[in-house]
Amino acid sequence: MPWGWENCGIGSHNALLQQSNFGAFLGMNEVDLVGRSIYNAAVWYYNHCLGQLPVVMVTEDEDAIREYGGETEGVFVISFKNYLDNFWPDLKAVHELCDSILQSRRERESESQENNGKEYPEHLPLEVLEAGIKSGRYIQGVLNVNKHRAQMEAFVRLQGASNKETDLQSDILIHGTKARNRAIHGDVVAVELLPQHEWKGRAAALCENDTEEKAPGETSSEPMPTGRVVGIIQKNWRDYVVTFPSKEESQSQGKNAQKILVTPWDYRIPKIRINTQQAEALQNCRVVVRIDSWESTSVYPNGHFVRVLGRIGDLEVETAAIVVENSISVAPFSEAQMCEMPFNTSNNPWKVNPEEELKRIDLRDTHLVFSIDPKGCEDVDDALSIRALANGNLELGVHIADVTHFVPRNSYTDIEARARAVTYYFADRRYDMLPSILSADLCSLLSRVDRYAVSVMWELDKNSYEILRVWYNRTIIRSSYKLVYEVAQGLLDGDLSVAADILELKELDERTRQQKLEELIWAIGKLTDVARHVRAKRDSCGALELEGVEVRVQLDDKKNIHDLIPKQPLEVHETVAECMILANHWVAKIIWENFPHHALLRQHPPPRQEFFSELLECASAKGFSIDTRSNKALAESLDKADDPLDPIVNKLLRSMATQAMSNALYFSTGSHPEEEFHHYGLALDKYTHFTSPIRRYADVVVHRLLMAATLKDTKIDVTRNLFSNKDLEELCKHINTRNRAAQQAQKQSTELFQCMYFKDKVPETDERCIVDGVIYSIRTNGVLVFVPRYGIKGAAYLKNKEGLVISCQSDGSCVWKPGSLHHCQNRIISTTVDGESVTLTLFDHITVKISVQTSRCHPDTIKLEIIRNTPYRSAATELYQKNSHIMKTDLIKEVTRSAEEAQLVQEKNRVEVIREEYEEYCQTKGVNLYQLLEEIRELALLDVSGGNRT
């Protein structure tokens, strides 16, 4: 109940409601001017009473509720239903009467709209839209509906070359469903901008039903370009997972039971009307439907039934819903595709072909090759090697599975892989791009078996690790070890006990085992040393260290959820990643040099400055200044924004920077100027994907480009396997779409398992549901909270559905009381009618309770509830924060310090040689004193603070 309502006198308050109620119902729905007059009268009455008596205006006009609800403190604009819920909770008959009246009214309005009047304006013809876009009158973009405020907000992301000529530097806001004009999330639309005085700001509330409340003197968010959809250029209609209405909802939809409104699984999609006689039988099922049409006279699109997925809540059904929603192909590979596959059975094992052996460089007996991957990884598409050469230099190798040897261009398998584009990784399963005989066997670089590979090898200077030469070739390798990250990190840290987990060492005698272990430890240590220096070089150019929330679902033998574990940062992750980045960079350079007009590269555009607003505000709340003018400035600012007392602060700031980034995209070099090739996040002028051809079709294309670039002296015309610029650009668009779907599906699968983990727990008694949370964003009616223990981000409301606000007791525990909220830039204040107040500020640690918000129609979601305004401490929390504090910045500091020491030792040795020669010959040779002093001066200018690192 809003602040002060229980203090209102029943008689006078009731009389006022009756007077204003009649006016509100008639005026607000018929003449907006009358509605505004009624509201002004309510404000006058409130001021006349000196703010001592709150005034309530009752209306069924949702626009009026949104517009006036938070305009004046003490004047409340609510619906008739909410009024009854707050003032007459015991009058069941009144509730039923209200529901009946409102339902009848909605049915009459719906019938009137569909039969008599036009609900939406007609779409403009396609030729008019295209001409308008070329002239600049209309703007082309993709419609993105806000899933938290699906009925109110959508944004159009600019698209197309014509938009570069406009002055717009932000998305276009589409306010309300009418302005969308039958466009659905994902449609490519044409938008007409409204006059600037009609522009609106983004909503700051957490959900659809909450009105915006502002503190005295607080202004709403800055108005942004606002427009309306005038036509659809490309529809995004596809299969949608829906839920049929319950029995009660079906009865309320009208007399014709065959016409049913079904609710999509995705909040962003409107209800769909279908004709069916199976509604009652399918009430508890997830069903797939497809949209067929959407008349301008109808509020809802029309569709048809496709198939049944199964019962709501079942793991396989909910997973199938994710598959359908992301248009993922999970059909078995066809007989034609499987006929192209090689055999590898116990009776007929696969062997290296003698003819192929003559074409490749054989590394099986000369190189210590090993892979480092997550636990349970089956599709091992990369391996590493490093060794000392006879001249003392080092040779670094990155070896990638040679998928193209088994998948010729335009074969059945290649066409299917091109359509799937990526392997889709879910929390408990994966859907492969290639048949398992390749992805988990013959193309997987497993240990102690011969495999075909494409290798990139560098000769590195033994001291500076500078690259002296590079070569590319097809090879034959035999990986010696299949390591997991945790074991490799243990060896790197000197923990020899992890050697017991290395299967390849178990069958050896003690002496051989010790020798092999020493070789492996040296290789991992040297690889890490090289990776540190390569990373430090990229850091000096502005490479960013960003932060994402990655959660691993730990399952037992029966696939029951045992735990949710956020990914812990290990230096060996960086080691492997840095080697892969190096290989991708060098491959990008050579394929572009040889095919400047149709090479497949990966670009990462600079982020739009407007997206950094939340990051800047949050950093400012902690006293940090973030410079976003370039990737180097951003990297240095993030390194300095470190609270030594709370490592989570830097983690969250980096996460916000990650959210502000543009998406990296594949492209054909013939369709973009060279200045757009740059990869902003990695600080590289050219970049591609080469290192994962088992799970990304883009890498398959790059392998073919690389072979065509490096094997030109052979008799084989490998260029016939390449795409033209036009075909490659179309393929890149398809791969980009599938890549986004894979990321979304992985996120939805993780959220599904998070909900399943907590669903069977009693939040009030299970200690796993009470955790520490950190506030990272403030909204008008609550806060956004990050839970480090489980890697969960979610909303915590400070005002509940009854209108009560949160209040904290002397012991820190929280209860709900009547009152109001005041939202400021970096804090939110909850004040009760008794005068008690609690302030929550950005980066405050609070104790939250985790539960699950269930839904028949939509996916279950995690619900966070603040139960104390003090931090929650446990052994798990302390351990996580301790691990989080091992920042990569410290590693770079150590690398820089080691590099300095190495250079000083080198200079000292050189000085000793000079001194000996001077004593013998009374003169110096080679390095003169001036050069020596210059090098020492440059050494003194080295930044050892880690400021150039991200």
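Quick caveat: nothing in here was measured; it's all calculated off a predicted structure. (Residues numbered from 1 in each chain as written. Predicted model: local features only at pLDDT ≥ 70, side-chain atom pairs only at ≥ 80, totals over all residues. Heavy atoms only, no water.)

### Points about the overall build of the protein chain
Counting its regular elements, the protein chain contains 25 helices and 35 strands. Within the protein chain, buried positions represent 49% of all 950 residues. Sequence separation of at least 24 residues holds for 69% of the intrachain contacts in the protein chain that already meet a minimum separation of 6. By element, 51% of the accessible surface of the protein chain is carried by carbon and sulfur atoms, the whole surface being about 45800 Å². (Helix = DSSP H or I, 4+ residues; strand = E, 2+ residues; numbered from the N terminus. Buried < 20%, exposed > 50% of the residue type's maximum accessible area, 1.4 Å probe, protein only. Contact = heavy atoms within 4.5 Å. Areas by Shrake-Rupley, 256 points an atom, 1.4 Å probe, with all protein chains shown as cover.)

### A look at the packing of aromatic side chains
The description of two aromatic rings rests on the distance between their centres and on the angle between their planes. The final tally for this structure, using the stated rule, is ten aromatic pairs. When the ring of Trp592 is compared with that of Phe677, the centres are 6.4 Å apart and the planes differ by 85°; the resulting orientation is edge-to-face. One end of the pair, Trp592, is in helix α17 (residues 571–594); the other, Phe677, is in the loop between β25 (665–668) and α21 (697–710), with 85 residues separating them in the sequence. Taking the relative accessible area as the measure of exposure, Phe677 reaches 2% and is therefore buried. A network of ring pairs unites the aromatic residues Trp350, Phe406 and Tyr452 as a single cluster. The cationic tip of Arg602 hangs over the ring face of Tyr666; the distance from NZ or CZ to the ring centre is 4.5 Å. (Phe/Tyr/Trp six-rings, centres within 6.5 Å; stacked < 30°, edge-to-face > 60°. Lys NZ or Arg CZ within 6 Å of the ring centre and 35° of its normal.)

### A closer look at the sheet that holds strand β8 (residues 239–243)
Strand order in this closed barrel of five strands is β8-β9-β10-β12-β11, and the pairing throughout is mixed. Each strand of the sheet is rotated relative to its neighbour by a mean of 55°, with strand direction disregarded. Of the strand pairs in this sheet, strand β9 (residues 259–264) and strand β10 (residues 272–275) are connected by four bridges, and their pairing is antiparallel. Residue pairing for β10: Val262 is matched across the bridge by Ile272. The sheet strands contacting helix α9 (residues 315–325) are β8, β11 (285–293) and β12 (302–311), and the helix crosses β12 at an angle near 145°. (Pairing = 2+ DSSP bridges. Axes fitted to C-alpha atoms, helices over the stretch in contact; angles between N-to-C directions.)

### Digging into unusual backbone geometry
For Ser327, which is not a glycine, the phi torsion comes out positive at approximately 55°. Relative to the elements of secondary structure, Ser327 occurs in the loop between α9 and α10 (335–339). In this structure, Ala683 is a non-glycine residue whose phi angle is positive, near 60°. With respect to the helices, strands and loops of the structure, Ala683 is situated in the loop between β25 and α21. The exposure class of Ala683 is buried, given its relative accessible area of 10%.

### Details of helix α13 (residues 412–420)
Listed as buried for α13 are Thr413, Asp414, Glu416, Ala417, Arg418 and Arg420. Summarising the contacts, the buried residues of α13 are in contact with α10, β17 (424–425), α21 and α22 (725–759). Downstream of α13 by one or two residues, Ala421 has phi in the positive range, about 75°.

### Focus on the environment of Lys747
Among the secondary structure elements, Lys747 is positioned in helix α22. Sequence separation of Lys747 and Val551 is 196 residues, and the distance between their C-alpha atoms is 9.4 Å. At 2.8 Å, the side chain of Lys747 forms a polar contact with the side chain of Glu751. (Polar contact = N/O pair within 3.5 Å; in protein donor to acceptor, adjacent residues only side chain to side chain.)

### What to know about the packing of helix α15 (residues 485–492) against helix α16 (residues 510–539)
Contact pair α15 / α16: the axes reach a minimum separation of 9 Å and the direction vectors enclose 90°. The angle between the axes of α15 and α16 places the two elements in the roughly perpendicular class. Every residue of α16 that contacts α15 at Ala488, Leu491 and Leu492 is listed here: Leu517, Leu520, Ile521, Ile524, Gly525 and Thr528. A class-by-class count of the residues in the contact of α15 with α16 yields seven nonpolar, two polar and no charged. (Parallel < 35°, antiparallel > 145°, perpendicular 65-115°, else oblique. Nonpolar A, V, L, I, M, F, W, Y, C, P; charged D, E, K, R; others polar.)

### Examining the side chain of Thr688
Relative to the helices and strands, Thr688 is located in the loop between β25 and α21. Exposure remark for Thr688: the relative accessible area of 0% places this residue in the buried category. Among the polar contacts made by the side chain of Thr688, one reaches the main-chain carbonyl oxygen of Leu600 at a distance of 2.8 Å. If sequence neighbours within four positions are ignored, Thr688 has contacts with Asn584, Val587, Ala588, Leu600, Leu601, Arg602 and Val702.

### A short note on the environment of Val299
Summarising the element assignment, Val299 is placed in the loop between β11 and β12. C-alpha of Val299 to C-alpha of Asn181: the two residues are 118 residues apart in sequence and 9.9 Å apart in space.

### Details of the pattern of salt bridges
For the structure on display, the rule yields 51 salt bridges. Measuring nitrogen to oxygen at the nearest pair gives 3.3 Å for the salt bridge that ties Glu610 to Arg608. We classify Glu610 as partly exposed; its relative accessible area is 26%. Close ionic contact of Lys849 with Glu865 constitutes a salt bridge, the shortest N to O distance being 3.6 Å. Separated by 16 residues along the polypeptide, Lys849 in strand β34 (residues 845–853) and Glu865 in strand β35 (residues 861–868) bring together distant segments of the chain. (Salt bridge = Lys/Arg side-chain N within 4 Å of Asp/Glu carboxyl O.)

### Focus: the pairing of strand β1 (residues 55–58)
The side-chain alternation of β1 yields two buried faces, one formed by Val55 and Met57 and the other by Val56 and Val58. The pairing of β1 with strand β2 (residues 75–78) spans four bridges and is parallel. Each bridged residue has a counterpart across the sheet, and for Val56 the counterpart in β2 is Phe76.

### Focus on the confidence of the model for the protein chain
Mean pLDDT over the protein chain stands at 82; residues scoring 70 or higher make up 80%. Throughout residues 161–165 the model reports pLDDT below 50, and contacts reaching past four residues in sequence, or to other chains, amount to five contacts. pLDDT under 50 marks residues 213–219. Its contacts with residues more than four places away, or in other chains, come to 14 contacts. (pLDDT = per-residue confidence, 0-100.)

### Structural notes on the sheet that holds strand β33 (residues 837–841)
In a beta sheet, neighbouring strands pair by backbone hydrogen bonds and run either parallel or antiparallel. Taken in spatial order, the three strands of this open sheet run β31-β32-β33, and their pairing is antiparallel. The sheet is open, and its two borders are formed by β31 (819–823) and β33, each paired with just one other strand. Across the sheet, the axes of successive neighbouring strands diverge by a mean angle of 15°, strand direction being ignored. One ladder, built from five bridges, connects β31 with strand β32 (residues 827–832); its direction is antiparallel.

### Comments concerning helix α18 (residues 613–621)
Among all positions in α18, only Leu615, Cys618 and Ala619 are buried. The buried side chains of α18 occupy one side of the element, clustering within an arc of 100° when seen end-on. Check the buried side of α18 and you find it contacts α19 (631–640), α20 (648–660) and β26 (770–779). Backbone geometry just after α18 places Gly623 at a positive phi near 85°. (Arc of directions from axis to C-beta.)

### A look at the pairing of β8
With five of five residues buried, β8 is to be regarded as a mostly interior element. Of the two faces of β8, the one carrying Asp239, Val241 and Thr243 and the one carrying Tyr240 and Val242 are both buried. One ladder, built from five bridges, connects β8 with β11; its direction is antiparallel. Residue pairing across strands places Val241 opposite Val288, the latter belonging to β11.

### Describing the environment of Ala619
By the element assignment, Ala619 lies in helix α18. The contact partners of Ala619, leaving out residues within four places of it in the chain, are Phe624, Ile626 and Leu653.

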